[in-house]
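An overview of the molecular structure
In case you want the letters, here they are:
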Amino acid sequence: MNHNKQIVCISTHYWEDAWFRKQHFMSRFANNGYKVAYIEPSFSMAKKADEDKHTFQKNKMFSVTVEKKSKNLYIIKPPQGIPLWSHPAINKLNYIYFALMLNKVLKGLKFKNYILWNYRPEYAPALKYFDFSKVVFDLTDDLAAYRGQNNKKYYYIKKCTEAIIEKSDLLIVTAFTLFEMYKNVTDNICLIPNGFDSDLFSRFSVETPDDIKGIKGPVVGFIGTLFSFLDYDLLEYIIKKNPDKSFVFIGNCEDNVKERWLEINGNSNVFWLGKKPKNEIPSYLNSFDLCINPFIVDDVSKSVSPLKVFEYLAMKKPVVSVNMESLQNEEVAEYIYFASSYEDFHKKINYAISEKKSFGSRLDYDVVMKYSWERLFKKAEECLNAL
């Protein structure tokens, strides 16, 4: 591998946000001696920082900011973007602007001949402004599908994704469907799903949090952001069909679904406990009898590698999920109760609870451990070293 041990990671998440594969991989690269520049996202100068992210979403109006997080890790914020960002022409202009600004800062930090590890396809028109030796594109979802279909945003993101793949030396995908979609487009593709933090999600002897102690069981739980890709009609259906069960939700709610969510939250057997610190999540999970994965079944969900499902299984919790093509092709699929309809989801909840005691002994934890970030990072590093 002919490059310096340097990685410039273009991320879609802030370092201090909830941790996903970006932070898990880059923290481990830094610990393994790589010099890492972690490029955070930005937002329009016409908008304010998100309410739940204002403590770290601090991009400056016209300048790049740098924080040296550790010996080998730099956190870099690009400037705020030009308004009307959703328009493809403005989008292209913004990412070229970011790249030019970032390149100056990276040169000052002596980043040269580095691996450009990219999560953001919109940087496709701006790749030529980076001083890289190799490009790794870590494709975590069918990103174009998030924009709907047959509209300018969809086609622009699809075009950018294809352009990045064409220019990449290594394509990593998180889902079986993405692997099938692109395996004939590139000669170098690796399938590495999402996973879980084994240091965090292995705490089985933890104290029950006070705000869940008084909630009557059995407890059906969900941990994660309440966002537009969840099936709220499904949630309402199973909640009303199971008045004898308590449904506990841990996480924030996005504004665009808040009205619908508050209707559901009005049910007497629903308990919305809000966002909790990362280190407290295992104690809540430990209090659940069952966990659910209630995505809308569509073109987005078939290519999603749902991180939360792996965390649920790491805590040895049975999981009822909608049918998700990529998840159904994972080795852990045999330990997940997949449902084909609303009524089937309801039935699977009751069946899973009825065999809760036998589930723990049936679960092959060696299979679950293959999805630890440590194992997945090792595979990613092996794929990189093979370049």
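Higher on the page you've got the structure.
Our subject in this report is the structure included herewith. (Residues numbered from 1 in each chain as written. Predicted model: local features only at pLDDT ≥ 70, side-chain atom pairs only at ≥ 80, totals over all residues. Heavy atoms only, no water.)

For helix α9 (residues 307-314), a buried count of 7 out of 8 residues is recorded, marking the element as mostly surrounded by other parts of the structure. Looking at α9, one finds that the buried residues are Leu-307, Val-309, Phe-310, Glu-311, Tyr-312, Leu-313 and Ala-314. Looking at the residues trailing α9, positive phi occurs at Lys-316, about 60°. (Buried < 20%, exposed > 50% of the residue type's maximum accessible area, 1.4 Å probe, protein only. Helix = DSSP H or I, 4+ residues; strand = E, 2+ residues; numbered from the N terminus.)

Here the focus is the sheet that holds strand β14 (residues 336-339). Pairing is parallel across the open sheet formed by 6 strands, whose spatial order is β11-β10-β9-β12-β13-β14. If you trace the sheet from one side to the other, it starts and ends with β11 (270-274) and β14, each paired once. The mean inter-strand angle of the sheet, taken between neighbouring strand axes irrespective of direction, is 25°. Here strand β9 (residues 219-223) runs beside strand β12 (residues 290-293); their pairing, made up of 2 bridges, is parallel. Pairing of Gly-221 across the sheet is with Cys-291, part of β12. Packed on one face of the sheet, helix α6 (residues 232-241) meets β10 (246-250), β11, β12 and β13 (319-322) and runs near 145° to β10. Along the sheet, helix α11 (residues 342-354) makes contact with β9, β12, β13 and β14, crossing β14 at roughly 160°. (Pairing = 2+ DSSP bridges. Axes fitted to C-alpha atoms, helices over the stretch in contact; angles between N-to-C directions. Contact = heavy atoms within 4.5 Å.)

In terms of nonpolar packing, the biggest core is built from 63 residues, with Phe-249, Leu-285, Phe-288, Leu-313 and Phe-345 touching the most fellow members. Leaving out residues up to four positions away in the same chain, Phe-288 has contacts with Ile-212, Val-219, Gly-221, Phe-222, Ile-223, Val-248, Ile-250 and Lys-317. One finds Phe-98, Ala-126, Val-173 and Leu-178 within the second-largest nonpolar core, a separate group that totals 37 residues. (Core = buried A, V, L, I, M, F, W, Y, C linked by side-chain atoms within 4.5 Å.)

Let us now look at the packing of aromatic side chains. The final tally for this structure, using the stated rule, is 26 aromatic pairs. Summarising the aromatic geometry, the rings of Tyr-14 and Phe-56 are spaced 5.7 Å apart at their centres and angled 50° between planes, so their arrangement reads as tilted. With Tyr-14 in the loop between β1 (6-10) and α1 (21-31) and Phe-56 in the loop between β2 (35-39) and β3 (65-70), this pair connects stretches of sequence that are 42 residues apart. Here the two residues Tyr-14 and Phe-56 agree in accessibility, since each one is buried. Between Tyr-97 and Phe-98 the ring centres are 5.9 Å apart and the planes differ by 35°, which places this aromatic pair in the tilted class. With relative accessibility at 23%, the residue Tyr-97 sits in the partly exposed group. Grouped by ring-pair contacts, the aromatic residues Phe-25, Phe-29, Tyr-34, Trp-117, Trp-373 and Phe-377 constitute a single cluster. The residue whose ring lies beneath Lys-278 is Trp-19, and the NZ or CZ to ring-centre distance is 4.7 Å. (Phe/Tyr/Trp six-rings, centres within 6.5 Å; stacked < 30°, edge-to-face > 60°. Lys NZ or Arg CZ within 6 Å of the ring centre and 35° of its normal.)

In this section: the sheet that holds β3. Strand order in the open sheet formed by 8 strands is β3-β4-β2-β1-β5-β6-β7-β8, with mixed pairing between adjacent strands. Looking at the sheet topology across the chains shown, the edges are occupied by β3 and β8 (189-191). Shown here is a sheet whose adjacent strand axes are inclined to one another by a mean of 20°, direction ignored. In this sheet, strand β7 (residues 170-173) lies alongside strand β6 (residues 132-139) in parallel orientation, the contact comprising 4 bridges. Bridging from a neighbouring strand, Leu-139 pairs with Val-173 of β7. Contacts from α1 reach β1, β2, β4 (73-77), β5 (114-118), β6 and β7 within the one sheet, and its direction differs from that of β2 by about 160°.

Attention shifts here to a positive patch on the surface. Taken together, Lys-92, Lys-128, Lys-159 and Lys-167 make up a surface patch of like positive charges. For Lys-159, the location among the structural elements is in helix α3 (residues 152-167). We classify Lys-159 as exposed; its relative accessible area is 59%. (Patch = residues over 30% accessible without salt bridge, like charges linked within 9 Å, V, L, I, M, F, W, Y side chains within 5 Å. Areas by Shrake-Rupley, 256 points an atom, 1.4 Å probe, with all protein chains shown as cover. Salt bridge = Lys/Arg side-chain N within 4 Å of Asp/Glu carboxyl O. Lys, Arg positive; Asp, Glu negative; His and termini not counted. Charge placed at Lys NZ, Arg CZ, Asp CG, Glu CD.)

Right, let's get into the pattern of salt bridges. Counting across every chain of the model gives 25 salt bridges. The closest approach of N and O atoms between Glu-122 and Arg-120, which form a salt bridge, is 3.8 Å. On the basis of relative accessible area, Glu-122 is assigned to the buried category, the value being 4%. Since its relative accessible area comes to 16%, Arg-120 is described here as buried.

Our next topic: the packing of α6 against α11. In the contact formed by α6 and α11, the axes pass within 10 Å of each other and the chain directions differ by 45°. The angle between the axes of α6 and α11 places the two elements in the oblique class. Crossing hand, α6 versus α11: right-handed. Contact residues: Asp-233, Leu-234, Tyr-237, Ile-238 and Lys-241 in α6; Tyr-342, Glu-343, Phe-345, His-346 and Ile-349 in α11. (Parallel < 35°, antiparallel > 145°, perpendicular 65-115°, else oblique. Left-handed = near helix turned anticlockwise from the far one by under 90°.)

Residue Pro-218 follows Gly-217 across a cis peptide bond; omega there is 0°. Inspection of the secondary structure assignment puts Pro-218 in the loop between α5 (210-213) and β9. A positive phi angle, near 65°, is found at Lys-110, a position not held by glycine. Mapped onto the elements, Lys-110 comes out in the loop between α2 (88-108) and β5. We classify Lys-110 as exposed; its relative accessible area is 64%.

Bringing the environment of Glu-254 into the picture now. Mapped onto the fold, Glu-254 is located in the loop between β10 and α7 (258-265). Beyond its immediate sequence surroundings of up to four residues, Glu-254 is in contact with Thr-225, Leu-226, Phe-227 and Ser-228.

Turning to a negative patch on the surface, a few remarks are in order. On the surface, a cluster of negative charge is made up of Asp-50, Glu-51, Asp-52 and Glu-254. When its relative accessible area of 36% is taken as the criterion, Asp-50 is described as partly exposed.

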